[in-house]
Amino acid sequence: QVQLVESGGGLVQPAGSLRLSCAASGSIGSIYDMRWYRQDPGKQRELVAGINSGGNTNYADSVKGRFTISRDNAKKTVYLQMNSLKPEDTAVYYCNADIRLVGGQFPRTYWGRGTQVTVSS
(Lines give C-alpha, C1' and ligand atoms only; values in the text may rest on other atoms or scores of the structure.)
Protein backbone atom coordinates (compact mmCIF):
# COMPACT_ATOMS: atom_id res chain seq x y z
CA GLN A 1 0.00 0.00 0.00
CA VAL A 2 2.98 2.32 0.59
CA GLN A 3 6.31 2.30 -1.20
CA LEU A 4 9.47 4.23 -0.42
CA VAL A 5 11.91 4.32 -3.33
CA GLU A 6 15.43 5.67 -2.94
CA SER A 7 17.57 7.01 -5.76
CA GLY A 8 20.77 8.95 -6.27
CA GLY A 9 23.36 6.54 -4.95
CA GLY A 10 26.54 5.66 -6.78
CA LEU A 11 30.32 5.82 -6.81
CA VAL A 12 31.97 9.11 -5.86
CA GLN A 13 35.50 10.16 -5.06
CA PRO A 14 36.48 11.33 -1.58
CA ALA A 15 35.50 14.97 -0.99
CA GLY A 16 32.77 14.64 -3.59
CA SER A 17 29.01 15.10 -3.25
CA LEU A 18 25.85 13.09 -3.83
CA ARG A 19 22.18 13.85 -3.37
CA LEU A 20 19.87 11.04 -2.36
CA SER A 21 16.12 11.16 -2.86
CA CYS A 22 13.35 9.03 -1.40
CA ALA A 23 9.84 9.28 -2.79
CA ALA A 24 6.80 7.89 -1.01
CA SER A 25 3.78 6.64 -2.93
CA GLY A 26 0.55 4.81 -2.22
CA SER A 27 -2.53 5.40 -0.09
CA ILE A 28 -0.88 8.05 2.05
CA GLY A 29 -2.87 10.09 4.51
CA SER A 30 -0.06 11.84 6.37
CA ILE A 31 3.71 11.58 6.59
CA TYR A 32 5.31 12.36 9.91
CA ASP A 33 9.00 11.87 10.66
CA MET A 34 11.28 10.92 7.78
CA ARG A 35 14.80 9.57 8.25
CA TRP A 36 17.90 8.28 6.52
CA TYR A 37 19.78 5.28 7.90
CA ARG A 38 22.88 3.56 6.59
CA GLN A 39 24.41 0.13 6.99
CA ASP A 40 27.79 -1.23 6.05
CA PRO A 41 28.20 -5.02 5.86
CA GLY A 42 29.08 -6.42 9.26
CA LYS A 43 27.94 -3.28 11.07
CA GLN A 44 24.71 -2.21 12.72
CA ARG A 45 22.29 0.02 10.85
CA GLU A 46 22.76 3.58 12.10
CA LEU A 47 20.59 6.68 11.98
CA VAL A 48 22.19 9.34 9.78
CA ALA A 49 19.61 12.14 9.84
CA GLY A 50 15.96 12.79 10.59
CA ILE A 51 13.40 15.49 9.84
CA ASN A 52 9.91 15.93 11.28
CA SER A 53 6.84 17.33 9.59
CA GLY A 54 7.69 20.81 10.90
CA GLY A 55 11.15 20.75 9.35
CA ASN A 56 13.16 20.22 12.51
CA THR A 57 16.26 18.14 11.86
CA ASN A 58 18.76 16.01 13.71
CA TYR A 59 22.03 14.44 12.60
CA ALA A 60 24.53 11.82 13.64
CA ASP A 61 27.71 13.45 14.96
CA SER A 62 29.71 11.80 12.18
CA VAL A 63 27.83 13.71 9.45
CA LYS A 64 27.10 17.07 11.08
CA GLY A 65 28.26 19.94 8.92
CA ARG A 66 28.56 17.70 5.85
CA PHE A 67 25.07 16.24 5.29
CA THR A 68 21.76 18.10 5.00
CA ILE A 69 18.34 16.47 5.19
CA SER A 70 15.31 18.21 3.68
CA ARG A 71 11.83 17.33 2.51
CA ASP A 72 9.22 18.41 -0.01
CA ASN A 73 5.85 17.59 1.49
CA ALA A 74 3.97 18.23 -1.76
CA LYS A 75 6.14 15.67 -3.52
CA LYS A 76 6.19 13.30 -0.52
CA THR A 77 9.96 13.20 -0.90
CA VAL A 78 12.89 13.41 1.50
CA TYR A 79 16.41 14.30 0.38
CA LEU A 80 19.90 13.85 1.77
CA GLN A 81 22.55 16.19 0.40
CA MET A 82 25.93 14.67 1.17
CA ASN A 83 29.04 16.83 0.81
CA SER A 84 32.71 16.27 1.66
CA LEU A 85 32.18 12.54 1.42
CA LYS A 86 34.66 10.21 3.08
CA PRO A 87 35.42 6.52 2.46
CA GLU A 88 33.81 5.72 5.82
CA ASP A 89 30.50 7.05 4.46
CA THR A 90 30.36 4.01 2.17
CA ALA A 91 27.21 2.05 2.96
CA VAL A 92 23.73 1.18 1.78
CA TYR A 93 21.49 4.14 2.60
CA TYR A 94 17.88 3.46 3.57
CA CYS A 95 14.93 5.79 3.73
CA ASN A 96 12.44 5.40 6.58
CA ALA A 97 9.19 7.23 7.27
CA ASP A 98 6.26 7.19 9.70
CA ILE A 99 3.14 7.16 7.55
CA ARG A 100 -0.56 7.05 8.29
CA LEU A 101 -2.61 5.49 5.51
CA VAL A 102 -5.74 7.10 4.11
CA GLY A 103 -8.51 6.08 6.50
CA GLY A 104 -5.98 4.75 8.99
CA GLN A 105 -5.92 5.67 12.63
CA PHE A 106 -2.25 5.36 13.53
CA PRO A 107 1.01 5.75 11.64
CA ARG A 108 3.46 2.91 11.12
CA THR A 109 7.05 2.88 9.97
CA TYR A 110 7.95 2.00 6.39
CA TRP A 111 11.37 1.30 4.86
CA GLY A 112 12.80 1.64 1.40
CA ARG A 113 15.03 -1.02 -0.15
CA GLY A 114 18.16 1.09 -0.03
CA THR A 115 20.65 2.65 -2.40
CA GLN A 116 24.39 1.96 -2.44
CA VAL A 117 26.82 4.81 -1.82
CA THR A 118 30.50 4.05 -2.42
CA VAL A 119 33.19 6.62 -1.68
CA SER A 120 36.47 5.58 -3.23
CA SER A 121 39.26 6.91 -5.39
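Values in this document were obtained by computation on a predicted structure and should not be read as measured data. (Residues numbered from 1 in each chain as written. Predicted model: local features only at pLDDT ≥ 70, side-chain atom pairs only at ≥ 80, totals over all residues. Heavy atoms only, no water.)

**A few points about the sheet that holds strand β1 (residues 2-7)**
What counts, and what does not: Two strands make a pair as long as DSSP finds a minimum of two bridges between them. Only DSSP runs of H or I reaching four residues or more are called helices, and only runs of E reaching two or more are called strands; each is numbered from the N terminus. As a rule, the C-alpha atoms of each element are fitted with a line to give its axis, helices using only the stretch in contact, and angles between N-to-C directions run from 0 to 180 degrees.
As summarised here, the arrangement of the four strands in space is β1-β3-β8-β7, forming an open sheet in which the pairing is antiparallel. In the strand order of this sheet, the two ends are held by β1 and β7 (67-72), each with one partner. The average angle at which neighbouring strand axes cross in this sheet is 15°, direction not considered. Direction of pairing for β1 relative to strand β3 (residues 18-26): antiparallel, over a ladder of six bridges. When the bridges of β3 are listed, serine 7 appears paired with serine 21.

**A look at the packing of aromatic side chains**
Test applied: Each Phe, Tyr or Trp ring (for Trp, its six-membered ring) is paired with any other whose centre lies within 6.5 Å, and the angle between the two planes then decides the class: stacked below 30 degrees, edge-to-face above 60, tilted in between.
Going through the model one piece at a time under the given rule, you end up with two aromatic pairs. Here the aromatic rings of tyrosine 37 and tryptophan 111 are separated by 4.9 Å at their centres, their planes lie at 55°, and the arrangement is tilted. In this pair, tyrosine 37 sits in strand β4 (residues 28-39) while tryptophan 111 sits in strand β10 (residues 108-111), placing the two residues 74 residues apart along the sequence. Plain terms: the ring middles of tyrosine 94 and tryptophan 111 are 6.5 Å apart, the flat faces sit at 80° to each other, and that makes the pair edge-to-face.

So far we have only geometry, and geometry alone does not tell us how the molecule works.
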